[in-house]
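# Results of the structural survey
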Amino acid sequence: MGIISWIVLGLLAGAIAKIVLPGRDPGGLVGTTLIGVVGAFVGGWLSATLLDKPVDKDFFDLATWGAAIGGSLVLLILFRLVFGHSRD
């Protein structure tokens, strides 16, 4: 998969992570979107490194989506823990 595919996957993974963990985030829509993109890259890297399952095969591969969404969820939770649950 190319870099553009990972960015698109990250945008979709960020949206899915937001649906799974609803609520107001300190970064709003832009923050959640960036978390999704970074989470896709982090999830793919962790899957390839720790689980020895490379996810760069195909855009519609279930392992690729699972890694991207999982990475986005982890980053969204960490972001909320560090910066708070709501915007002031």
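Values in this document were obtained by computation on a predicted structure and should not be read as measured data. (Residues numbered from 1 in each chain as written. Predicted model: local features only at pLDDT ≥ 70, side-chain atom pairs only at ≥ 80, totals over all residues. Heavy atoms only, no water.)

## Here's the deal with the overall build of the chain
Helix and strand content of the chain: 3 helices and 0 strands. The order of α-helices and β-strands along the chain, N terminus first, is α-α-α. Residues classed as buried in the chain amount to 33% of the 88 residues present. Considering only intrachain contacts with a sequence separation of at least 6, the fraction spanning at least 24 residues in the chain is 79%. Carbon together with sulfur atoms contributes 74% to the accessible area of the chain, which is approximately 5300 Å² in total. (Helix = DSSP H or I, 4+ residues; strand = E, 2+ residues; numbered from the N terminus. Buried < 20%, exposed > 50% of the residue type's maximum accessible area, 1.4 Å probe, protein only. Contact = heavy atoms within 4.5 Å. Areas by Shrake-Rupley, 256 points an atom, 1.4 Å probe, with all protein chains shown as cover.)

## Some remarks on the confidence of the model for the chain
Averaged over every residue, the pLDDT of the chain is 77; the share at 70 or more is 83%. Ranking the helices and strands of the chain by mean pLDDT puts helix α3 (residues 62-83) first, with 82, and helix α2 (residues 28-49) last, with 79. (pLDDT = per-residue confidence, 0-100.)

## Thoughts on the packing of α2 against α3
Contact pair α2 / α3: the axes reach a minimum separation of 6 Å and the direction vectors enclose 120°. Between α2 and α3, the angle falls in the class oblique. By crossing handedness, the relation of α2 to α3 is classed as right-handed. Within the contact between the two elements, α2 uses Ile35, Gly36, Val38, Gly39, Ala40, Val42, Gly43, Gly44 and Ser47 and α3 uses Ala67, Ala68, Gly71, Ser72, Leu75, Leu76 and Phe79. For the contact of α2 with α3, the per-class residue count stands at 9 nonpolar, 7 polar and no charged. (Axes fitted to C-alpha atoms, helices over the stretch in contact; angles between N-to-C directions. Parallel < 35°, antiparallel > 145°, perpendicular 65-115°, else oblique. Left-handed = near helix turned anticlockwise from the far one by under 90°. Nonpolar A, V, L, I, M, F, W, Y, C, P; charged D, E, K, R; others polar.)

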